[in-house]
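Notes for the structure review
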Amino acid sequence: MILNRVNTIKVIISLFSILLLFAGVVSASSFISVNNSSGPIADYTSIQEAVDNAISGDIIMLYPGIYSENIDIEKQVSIKSESGKSDKTIVRAGNDSDHTFFVNSDHVLIEGLTIEGATNCSWDSRIAGIFLESSNSCIISNNSLKDNYEGIIIKDSNLNIVKMNNVFDNINGNGISLDNSDENTLSSNTVDSNWWTGISLRFSDSNEIRNNTLVSNLNGIYLYTSSNNSIIQNNANSNNLYGIVLDTGSNNNELSQNIANLNENSGIYLKSVSSNILYDNVADLNFYHGILIKFSDQNELVNNSASYNMPAIMFDEDTNEAYGIYLTNSDENDIVGNTINRNKDADLFVHESANNLITSNILVSTSTGLFMQYANSNLIYDNYFNNPVNVAFEGINSGNIWNVNLKEEKNILVGNLTGGNFWSNPYMTGHSQLCDDLDENGICDAPYMISDKDTDYLPLYDFTCAYKGDFDYGGTVNFDDFVEFAACYNSMIGDSNYLRIFDFENDCDVDFDDFVEFAGYYKK
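Here we look at the overall build of the protein chain
Secondary structure summary: the protein chain contains five helices and 47 strands in total. Against the 2.2 N^0.38 benchmark of 24 Å for 524 residues, the protein chain shows a C-alpha radius of gyration of 31 Å, more extended than a compact globule. Across its three principal directions, the C-alpha atoms of the protein chain cover 105 × 70 × 40 Å. Residue burial in the protein chain is summarised as follows: out of 524 residues, 50% are buried. In the protein chain, the proportion of contacts linking residues at least 24 apart, taken out of those at least 6 apart, comes to 47%. Of the roughly 22700 Å² that the protein chain leaves accessible, carbon and sulfur atoms contribute 52%. Charged side chains in the protein chain number 24 positive and 70 negative. The centres of these two groups are separated by 10 Å.

Quick look at the pattern of salt bridges
It is possible for side chains of opposite charge to pair when their charged atoms get near one another. If you walk through the whole model with that rule in mind, you get eight salt bridges. One salt bridge in this structure joins Lys146 and Glu116, with 3.0 Å as the shortest N-O distance. Taken together, the residues Lys146 in strand β12 (residues 144–146) and Glu116 in strand β9 (residues 114–116) connect sequence positions 30 residues apart. Taking the relative accessible area as the measure of exposure, Lys146 reaches 22% and is therefore partly exposed. Arg210 is the partner of Glu208 in a salt bridge, and the nearest nitrogen-oxygen pair spans 2.9 Å. By relative accessible area, which is 28% here, Arg210 ends up partly exposed.

Re the state of the cysteines
Applying the stated criterion to the full structure yields one disulfide. Here Cys435 connects covalently by a disulfide to Cys444, the sulfurs 2.1 Å from one another. Judged by the sign of its S-S torsion, about -60°, the cystine formed by Cys435 and Cys444 is left-handed. Since its relative accessible area comes to 10%, Cys435 is described here as buried. Given a relative accessible area of 5%, Cys444 falls into the buried group.

Topic: a nonpolar patch on the surface
On the surface, Phe479, Phe482, Val483, Tyr489, Phe512, Phe515 and Val516 cluster together to form a nonpolar patch covering roughly 620 Å² of accessible area. Those elements that provide at least two residues to the nonpolar patch are α4 (479–488) and α5 (512–521). Structurally, the position occupied by Val516 is in helix α5. Owing to a relative accessible area of 44%, Val516 belongs among the partly exposed residues under this scheme.

A closer look at the packing of aromatic side chains
Working definition: an aromatic ring pair is given by the centre-to-centre distance plus the angle between the planes. Summed over all chains, the structure comprises 14 aromatic pairs. Relative to Tyr224, the ring of Phe203 has its centre 5.8 Å away and its plane inclined at 85°; by these criteria the two rings are edge-to-face. Taken together, the residues span a long stretch of sequence, with Phe203 in the loop between β19 (197–202) and β20 (208–210) and Tyr224 in strand β22 (residues 219–224) at a distance of 21 residues. Residue Tyr224 is classed as partly exposed on the basis of its relative accessible area of 24%. Centre to centre, the rings of Phe393 and Trp402 are 6.4 Å apart; their planes meet at 75°, and the pair counts as edge-to-face. When its relative accessible area of 1% is taken as the criterion, Trp402 is described as buried. Among the aromatic side chains, those forming a connected cluster through ring pairs are Phe385, Phe393, Trp402, Trp423 and Tyr448.

Considering the packing of α4 against α5
In the contact formed by α4 and α5, the axes pass within 12 Å of each other and the chain directions differ by 175°. On the basis of the axis angle, α4 is roughly antiparallel to α5. Contact with α4, carried on its side by Asp481, Phe482 and Phe485, involves Asp514, Phe515 and Phe518 of α5 and no other residues of that element. The residue makeup of the contact of α4 with α5, split by class, is four nonpolar, no polar and two charged.

What about the sheet that holds strand β33 (residues 339–341)?
An order of β33-β36-β39-β43 is seen for the four strands of this open sheet, with the pairing classed as parallel. Bordering the open sheet on either side are β33 and β43 (422–424), each of which pairs with just one other strand. The mean angle between the axes of side-by-side strands here comes to 5°, regardless of whether they run parallel or antiparallel. Relative to strand β39 (residues 384–386), strand β36 (residues 362–364) runs parallel, the two being bridged by three bridges. Opposite Leu363, over in β39, you have Phe385 as the bridge partner.

A few points about the confidence of the model for the protein chain
On average, residues of the protein chain carry a pLDDT of 90, and 90% of them reach 70 or more. Per-residue pLDDT stays below 50 along residues 1–27; that stretch engages in one contact with residues further than four places along the chain or on separate chains.

Digging into the pairing of strand β16 (residues 176–179)
Across four bridges, strand β13 (residues 150–155) lies against β16 in parallel orientation. Within the sheet, the bridge partner assigned to Ile152 lies in β16 and is Ile176. When β16 meets β19, the two strands line up parallel, connected through four bridges. Its bridge partner being in β19, Asp179 is matched across the sheet by Arg202.

Rules of the game
- Residues numbered from 1 in each chain as written.
- Predicted model: local features only at pLDDT ≥ 70, side-chain atom pairs only at ≥ 80, totals over all residues.
- Heavy atoms only, no water.
- Helix = DSSP H or I, 4+ residues; strand = E, 2+ residues; numbered from the N terminus.
- Rg over C-alpha atoms; globule rule 2.2 N^0.38 Å.
- Buried < 20%, exposed > 50% of the residue type's maximum accessible area, 1.4 Å probe, protein only.
- Contact = heavy atoms within 4.5 Å.
- Areas by Shrake-Rupley, 256 points an atom, 1.4 Å probe, with all protein chains shown as cover.
- Lys, Arg positive; Asp, Glu negative; His and termini not counted.
- Charge placed at Lys NZ, Arg CZ, Asp CG, Glu CD.
- Salt bridge = Lys/Arg side-chain N within 4 Å of Asp/Glu carboxyl O.
- Disulfide = S-S within 2.5 Å.
- Patch = residues over 30% accessible without salt bridge, like charges linked within 9 Å, V, L, I, M, F, W, Y side chains within 5 Å.
- Phe/Tyr/Trp six-rings, centres within 6.5 Å; stacked < 30°, edge-to-face > 60°.
- Axes fitted to C-alpha atoms, helices over the stretch in contact; angles between N-to-C directions.
- Parallel < 35°, antiparallel > 145°, perpendicular 65-115°, else oblique.
- Nonpolar A, V, L, I, M, F, W, Y, C, P; charged D, E, K, R; others polar.
- Pairing = 2+ DSSP bridges.
- pLDDT = per-residue confidence, 0-100.

This is the structure:
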């Protein structure tokens, strides 16, 4: 009796194991092949036919060739090129008035294809090479999307990944668009020469845009009413208007470590936005402004570079204004620790703006450091000025404060006390270069009158004037000092290894001319 019961249990276990195995086979993904040209015999000659006959989880492999189709995907499938090379497998819209790929399902993969030919539509009914609608957790990777009205449109869709695609020459729209779509990741895409914007977000929040290259579009990256996004390590260069734009209601975004250079208007543009943080970005060599801020409050600009911004063509110099940072009708922003050098008209322009914090910035130019026009109640301290004109005023400016109460804190000259600003000029006649500091605390004994209404009561003292070349203040310039000089050779202000004590020419860099001066002081 016991033996029979044991045998019965063994039979039940065996049957259960077979059932599990069968279930696993049934649910496992199947490979479906498609080929419409010479080569291996495939399951289908049409991508749409393969999709229609697939079940959830199937992988559809496309052999090299040109497929003229419009594909609708409403199930969980993967569509990949067999070669893995997008230039070998081309999917061209059979009907140029419809999307090449339309996706209305979660967990879809499209990989390794050239996708083109969806061109014939109006702006109000835009079509794309790939259009995702109400689709979540999809992956679009390693594709080339070109010669469409728009490259990729993601609408009402979340948690998708768009990576390592080449999106270029799309004729009337954006390279990649997110519309009412959240928590998507766009990374390592090259978005080039699209008619409108490279990457566009509208009403889309909490997305990550990282490590993309955006060149020769109208704008590189454009956000409209999109908040809490991370825009990190992108190259938005040489676009026809702006590199990166945050527009109306795009708040609480993070922009960090982006490069926005050589754009035909400005590198970074904030308009009618608030509470964004911009740090460690480079906005240099743009044809108007490095960073342009209009009607925007309570943003933070920290450790950015906005230098060498000026018109590209010499005859534009009289008509086109160019500033490092242009702040207009914007209040309560923090501008902290930025390098703003050698811009055409001024390094920093503050226009009709109030209650901003401007501190720890480096402003060095051949023209004007800070231009104040109808600017009121701003706090401006611990900045490094070295310009022919350090501050210029126009219109009525009132209530601006140029120092804080003296406090024990490293200042911009690496002294131990923070109070006011460092006032120098290229001619070695700046207040901080000529003032007395009898108590040797790094603060000038006399205040600096900037204008009849503006005074810095605690200007910083240039203690290096008395010790040029003598890094250790030992009384002679010796080999130990030469070691320190060598370490900062070919540096400029803003570089971590720049040392003002070796900048004999006071031109904010340490070069061969300073070496000649150093040699003259050696062992004297």
